[in-house]
Amino acid sequence: MDALVALRARADAVDEQVLALWEQWIAPKLRDKSCLVAVGGYGRRELFPYSDVDLLILEEPGTYPNGALSDFLRELWDCGLRASHSVHPVADCRKITPGNVEFNISLLDQRFLAGREDLYSACREACGRTTNELRKALAELTRARHERFQQSIHQLEPDLKEAPGGLRDLHVLGWLRKLGVDAHADLGEAAATLAQMRWHLHDFQGRDVNILRFEAQDAVAAALQVSPEDLMRAYYRAAKLVFANCREEVDRILDQRPGLRTVLFESRSRLSNEEFTVNRDQILLRQPARLETDPLLTHRLFAFQARHGLRLARDTRRRVAAKSNDGQAWRWQEWRAILEQPHAAAALRDMMDTGEMLRQLPEWARIDCLVTRDFYHRYTVDEHTVIALENLENFGATHRRLRQLFETCDQLPALRFALLLHDIGKGEGEDHDRKSVLIAQAVGARLGIPAAEQILVERLIADHLYLGQLTHTRDLDDPLTAEQAAQFMETREYLAMLTLLTFADSAAVFPGALTKWRESQLFHAYSVIERAFTRALEDRRIPEKEHSSQPELAAFLTGLPRRYWYRSTPEQRLAHFRLAEKARGSAVGLELQRREDTWQLTLVTQDRPRLLADIAGVLAAYGMNILKAEAFGNSQGVVLDLFVFNDPLHSLELNPPVVQELEEALARVASGKEKAEKLLRHRGRSAPRYQVEIAPVIRLDNEASEMGTLLELVASDRPGLLYDVARTIADCGCEIDTVLLATEGQRAVDVFYMRSGAAKVPVETLATLRKRLEEII
């Protein structure tokens, strides 16, 4: 199917319906006083199956009786047409109205349908008077729209209309041409690809939906008789071409503004040399033909860019992308010359966009435009990788704590190269880190990377998930965990490099992935492991006289695990003790506090079976997403439960009365006055809209910790999962000391430290527990 032909055919069919209804309802009364104009997509004759039919009615002031227009529009809707109309005098077309620039932009696609042609001609003439102002406004709107999508085409579930490189960018190029901008790129094939996808997407959804979600990708791919992977690769290649052209024109318009930027451009132009000219912050080739005769000119170009942080000019990008593949293959010294520069990420991004990355690193084809459907990552694997490299530089320049690690790292080329290859094994099943190491071994042998640097690159790739997993699968306040991690790291220098890589990788998953909570956990991991390099053995003991001067506080603290002392401050201990005092009179002492992007619940009461499960059930009933839970019991049978959670729907923030309602529900359930099951039944549990199959994993280990038995559980996430698991643990006669939680898309990783009385859980109990857990997950 030729989608562009189908669009025009639908517009023609709609013309017949609109004109017939116009003649029936409007023309008999107002033939000589108004004009009907198609605008927007209808004006361009690009009507998708469920697109709006945009109509502009030009009138002489005070022309329309309400009845005639209402009847006309009602009949359009009754015919199944989504009519979107506006009524204006010609005078409105002569000016740009702040806050409604979209109206003026829609007039660029106007097409006469019926009525007074002189009104239509006056409208066209009026539109020409706003050209200069509208050109700038359109460019600013486009840049702002690109920013909403982080200037990236590589969204895993892209918006075919609004995302960078989508149909809206094609429209912008068409509008700029009508406004006198010389934007004449050949984008016919890309336009046909995008239009065909949107046509089948509308057909699949049965409504005006433009986000190509995973389930829709399967349907559209089936309609086009291609695989979903090939469908998305075709999309990204089309979008990359459209976005590059659109961004180039927008930048050209907005960069014409005078002032300080002009002075900056002039100062940067002094960087020009015998091979490259710097003009308006962009690099141009002095002798473009040498690209085909000088095998290392392309390398020197990207090294120059990495040193100075400049952009490649449009002509330069086009020539590099079009050059033959007969250039000299880079060795490690060429890669190092780029990777050691302050702006290496900018060069690596343009290497990806121009195809030079594929020429120099053929293994890149494995992740080129690769979609991974894990409901956690938002970008294709290649885009995620480049964003991670950009994050490494950004954190090194702007983040105080990471800047010190970045500036003292003497192995930046190896660190950057490891980050470049850390996901190169994706797309080939599980254990992508192991497969990435194997690929890195082959790459290193081909490039001639020295043995010491090659070993470091491979180790960083193999361990790139280690620190993140440690934060949500082990209790870092357990001294044994910190000591084992320090032994694994071996040196502070390696710990610093792995921390930098982990931060850069975590923040590249999606915008906002590196929450304050996640950031604090990673810094906490770094701190406790760093301290473990020098901590003496006796530091694991709690000083006996630390709290003897306050007998009541001492009684509260007696019997609490040692890790509680390590992870709490004196102020926190005193606050917890006060909650315990409150619990004596009211059975429960609790405090609910908001901390930046998370909430913390502190609850003190008498311990009982299933208490932690019941609290988790209340939070699940209110739609909270639990990030971490800990339980500390003292020798008096008093338990201190700490929960950290976020509120995905912001119901606590937007509805303050709900905070008190949640506190009251927690107190009732903790004191045994109400069952958590009742709240869960009342509020229900919603399931994810699109399930990904996740193989469950249950690991029980009596040797991983001195504190007790470790349970590590991997399963498909769902509301109430922690409640069900904690209840099952309690029903098997086990007590929970600590819970560490992490959710990656629809994949939940929950880790429990358990005990049976004062000892580890017996083997026979573990067998029963495993069987019951298998049943619930």
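This text follows the structure it describes.
For the structure given in this document, a descriptive report is provided here. (Residues numbered from 1 in each chain as written. Predicted model: local features only at pLDDT ≥ 70, side-chain atom pairs only at ≥ 80, totals over all residues. Heavy atoms only, no water.)

**Examining the overall build of the protein**
For clarity, the cut-off: Every helix listed is a DSSP run of H or I at least four residues long, and every strand listed is a run of E at least two residues long, numbered separately from the N terminus. Burial classes: relative accessible area under 20% of the type maximum marks a residue as buried, over 50% as exposed, and values in between as partly exposed (1.4 Å probe, protein chains only). Should any heavy atoms of two residues lie within 4.5 Å, those residues are considered in contact. The method behind every accessible area is Shrake-Rupley, applied with a 1.4 Å probe, and residues are considered shielded solely by the protein chains displayed. Note on charges: Lys and Arg go in the positive column, Asp and Glu in the negative column, and His and the chain ends are not counted at all. Here the site of a charge means atom NZ of a Lys, CZ of an Arg, CG of an Asp or CD of a Glu.
What the protein contains, in helices and strands, is 35 helices and 15 strands. Oriented by its inertia axes, the alpha-carbon framework of the protein measures out at about 95 × 70 × 50 Å. The 777 residues of the protein split such that 54% are buried. Within the protein, counting contacts between residues at least 6 apart in sequence, those at least 24 apart form 70% of the total. When the accessible surface of the protein is split by element, carbon and sulfur atoms take 49% of a total near 34,700 Å². Here the protein carries 101 positive and 115 negative side-chain charges, and the mean point of each set is 2 Å from the other.

**Let's talk about the sheet that holds strand β4 (residues 111–115)**
Basically, it comes down to this: One bridge is not enough; two strands pair if DSSP finds at least two bridges between them. Only C-alpha atoms enter the line fits that serve as axes; for helices the fit covers just the stretch in contact. Angles between N-to-C directions range over 0 to 180 degrees.
Taken in spatial order, the four strands of this open sheet run β3-β2-β1-β4, and their pairing is mixed. The open sheet has two free edges, formed respectively by β3 (83–88) and β4, since each of these has just one partner strand. The sheet shows a mean angle of 25 degrees between the axes of neighbouring strands, taken without regard to direction. The strands that helix α1 (residues 3–25) touches are β1 (34–38), β2 (53–59) and β4; relative to β4, the one it contacts most, it runs at about 25 degrees.

**With respect to empty space enclosed by the protein**
Defined as follows: Cavity: a set of points on a 1 Å grid over the protein atoms alone where a 1.4 Å probe fits but cannot get out. Pocket: an open set with protein on both sides within 12 Å along at least five of seven lines, its lining residues, like those of a cavity, having an atom within 4 Å of a point. Grid points are joined across faces, edges and corners, and a volume is the space filled by probe spheres set on the points.
Applying the stated rule across the entire model yields five cavities of 30 Å³ or more. If you add up the space inside the largest cavity, you get close to 50 Å³. When residues of the lining of the largest cavity are traced back to their parent elements, those giving at least two are α11 (228–254) and α16 (344–354). Counting residues per element, the lining of the largest cavity draws most heavily on α11, which supplies three residues.

**Observations concerning the packing of helix α19 (residues 400–407) against helix α25 (residues 492–507)**
Quick reminder of the rule: With respect to orientation, any angle under 35 degrees is reported as roughly parallel, any angle over 145 as roughly antiparallel, any angle of 65 to 115 as roughly perpendicular, and every other angle as oblique. Handedness of a crossing is defined here by the sense of rotation of the near helix relative to the far one, left-handed for an anticlockwise turn of less than a right angle and right-handed for a clockwise turn.
At a minimum axis separation of 10 Å, α19 and α25 run at an interaxial angle of 125 degrees. By the angle between their axes, α19 is oblique relative to α25. Of the two possible hands of crossing, α19 and α25 adopt the one that is left-handed. In this structure, α19 contributes Leu-402, Leu-405 and Phe-406 to the contact, and α25 contributes Ala-496, Thr-499, Leu-500 and Phe-503.

**Describing unusual backbone geometry**
Positive phi values are uncommon outside glycine, yet Glu-490 reaches one of about 75 degrees. With respect to the helices and strands, the residue Glu-490 is situated in the loop between α24 (479–489) and α25. With relative accessibility at 57%, the residue Glu-490 sits in the exposed group. In this model, Arg-610 sits at a positive phi of 70 degrees, which is unusual for a non-glycine residue. Following the sequence through the fold, Arg-610 ends up in the loop between β9 (598–606) and α30 (611–621). On the accessibility criterion, Arg-610 (25% relative accessible area) is partly exposed.

**Focus on helix α26 (residues 516–532)**
Heads up, the rule is: Given the number of residues in a helix, its expected span is that number minus one, multiplied by 1.5 Å.
Between its first and last C-alpha atoms α26 spans 24 Å; for 17 residues at 1.5 Å apiece the expected length is 24 Å, and the two agree. Of the residues making up α26, those classed as buried are Trp-517, Arg-518, Glu-519, Gln-521, Leu-522, Phe-523, Ala-525, Tyr-526, Val-528, Ile-529 and Ala-532.

**Side note on helix α6 (residues 117–127)**
The test is simple: Comment: arc refers to directions from the helix axis out to C-beta atoms.
The set of residues buried in α6 consists of Leu-119, Tyr-120, Cys-123, Ala-126 and Cys-127. Burial along α6 is one-sided: seen end-on, the buried residues are contained in an arc of 125 degrees. Across from the buried face of α6, at angles greater than 90 degrees, the exposed residues are Glu-117 and Glu-125. Structurally, α6 contributes buried residues whose contacts are with β1, β2, β4 and α7 (131–148).

**Concerning the state of the cysteines**
To keep things clear, this is the line we draw: Put simply, a disulfide is two cysteine sulfurs that come within 2.5 Å.
Inspection of every chain in the model, using the stated rule, returns zero disulfides. Free of any disulfide, Cys-35 has its nearest neighbouring cysteine sulfur in Cys-123, separated by 7.9 Å.

**Digging into the sheet that holds strand β5 (residues 276–279)**
Here we have three strands laid out as an open sheet, ordered β5-β6-β7, and mixed in their pairing. Lying at the two open borders of the sheet, with one neighbouring strand each, are β5 and β7 (311–312). Of the strand pairs in this sheet, β5 and strand β6 (residues 282–285) are connected by four bridges, and their pairing is antiparallel. Paired with Phe-276 across the two strands is Leu-285, which belongs to β6. Across the face of the sheet, helix α13 (residues 297–308) comes into contact with β5, β6 and β7 while running at roughly 35 degrees to β5.

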